Amino acid sequence: LFSSLKAAKRVIREFRFNVMLSADEFTEDERLKNEKVLAQGVTDCIYENKAGELILVDYKTDRVSYDNYVEELTLRHKNQLTYYKKACEMMFERSIDRVIIYSVPLAKNVEVKI
């Protein structure tokens with residue numbers, strides 16, 4: 001991850017966003033299907049690699065087992081990163097190609113398929 005960041009064309013850290021998303025992104029309640037909700041957050045890092053891909057990176061400090069950290073981190077954070085990805089795609093008007101969780105305690109990357 002860090003070598004890719006060093007070679008990045010562009011790096012944006014702590015990008016704040018506020019976007020309106022469809023409520024059905026967050027609930028299956030049919031009564032809210034046509035409603036909008038305000039989604040706000042701060043991405044840790046977005047960068048454009050040499051190939052021109054936009055990559056969203058979220059740093060996590062969760063204490064997880066080394067044996068199953070991929071599954072644990074994905075399960076805990078996939079929902080959050082799904083709406084972060086959508087918000088960033090709206091703001092940048094292009095797709096986010098990859099979403100990565102970086103586990104600080106383990107110094108390991110987890111690519112999340114969204």
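The preceding data block contains the structure.
Just so we're clear, the structure is a prediction, and the values are computed from it rather than from any experiment. (Residues numbered from 1 in each chain as written. Predicted model: local features only at pLDDT ≥ 70, side-chain atom pairs only at ≥ 80, totals over all residues. Heavy atoms only, no water.)

Caption draft 1: Inspection of the overall build of the protein chain at higher detail. Check the secondary structure of the protein chain and you find two helices and five strands. Dimensions of the protein chain along its principal axes, counting C-alpha atoms only, are 45 × 35 × 20 Å. Per-residue burial over the protein chain gives 39% buried out of 114 residues. In the protein chain, the proportion of contacts linking residues at least 24 apart, taken out of those at least 6 apart, comes to 62%. In the form shown here, the protein chain has an accessible surface area of approximately 7,100 Å², with 46% of it arising from carbon and sulfur atoms. Considering the protein chain, the positive charge centre built from 19 side chains and the negative charge centre built from 19 side chains are found 6 Å apart. (Helix = DSSP H or I, 4+ residues; strand = E, 2+ residues; numbered from the N terminus. Buried < 20%, exposed > 50% of the residue type's maximum accessible area, 1.4 Å probe, protein only. Contact = heavy atoms within 4.5 Å. Areas by Shrake-Rupley, 256 points an atom, 1.4 Å probe, with all protein chains shown as cover. Lys, Arg positive; Asp, Glu negative; His and termini not counted. Charge placed at Lys NZ, Arg CZ, Asp CG, Glu CD.)

Caption draft 2: Broad picture of the pattern of salt bridges. Summed over all chains, the structure comprises nine salt bridges. Arg 98 serves as the salt-bridge partner of Glu 111, at 3.3 Å between the closest nitrogen and oxygen. Here Arg 98 lies in strand β4 (residues 98-103) and Glu 111 lies in strand β5 (residues 108-112), a separation of 13 residues in the sequence. Residue Lys 113 pairs with Glu 111 through a salt bridge whose shortest N-O separation is 3.6 Å. The exposure class of Glu 111 is partly exposed, given its relative accessible area of 35%. Through salt bridges with shared partners, one network takes in Asp 62, Glu 72 and Arg 76. (Salt bridge = Lys/Arg side-chain N within 4 Å of Asp/Glu carboxyl O.)

Caption draft 3: Highlighting helix α2 (residues 69-92). Taken as a whole, α2 carries its principal kink of about 55 degrees at His 77. Contacts made by the buried residues of α2 are with β1 (10-22), β2 (36-48), β3 (54-60), β4 and β5. Looking one or two residues beyond α2, the residue adopting positive phi is Glu 93, at roughly 55 degrees. (Bend = angle between axes of the 7 residues up to and from the residue.)

Caption draft 4: Geometry of the packing of aromatic side chains. As enumerated under the stated definition, the model contains five aromatic pairs in all. For the ring pair Tyr 59 and Tyr 102, a centre distance of 5.9 Å and an interplane angle of 80 degrees mean the geometry is edge-to-face. Remark: Tyr 102 occurs in strand β4 and Tyr 59 occurs in strand β3; sequence separation between them is 43 residues. Classification of Tyr 102 as buried rests on a relative accessible area of 11%. Between Tyr 66 and Tyr 69 the ring centres are 5.7 Å apart and the planes differ by 35 degrees, which places this aromatic pair in the tilted class. Put simply, the rings of Phe 17, Tyr 83 and Tyr 84 touch in pairs and so form one group of aromatic residues. (Phe/Tyr/Trp six-rings, centres within 6.5 Å; stacked < 30°, edge-to-face > 60°.)

Caption draft 5: View of unusual backbone geometry. Positive phi is not limited to glycine here, since Glu 14 has a value of about 50 degrees. The backbone of Glu 93 shows a phi angle near 55 degrees, a positive value even though the residue is not glycine.

Caption draft 6: Here's a closer look at the environment of Arg 10. Of note, Arg 10 is situated in strand β1. In this structure, the C-alpha to C-alpha distance between Arg 10 and Leu 54, residues 44 residues apart in sequence, is 9.2 Å. Apart from the residues lying within four places of it in its own chain, the contact partners of Arg 10 are Ile 46, Tyr 47, Glu 48, Leu 54 and Phe 92.

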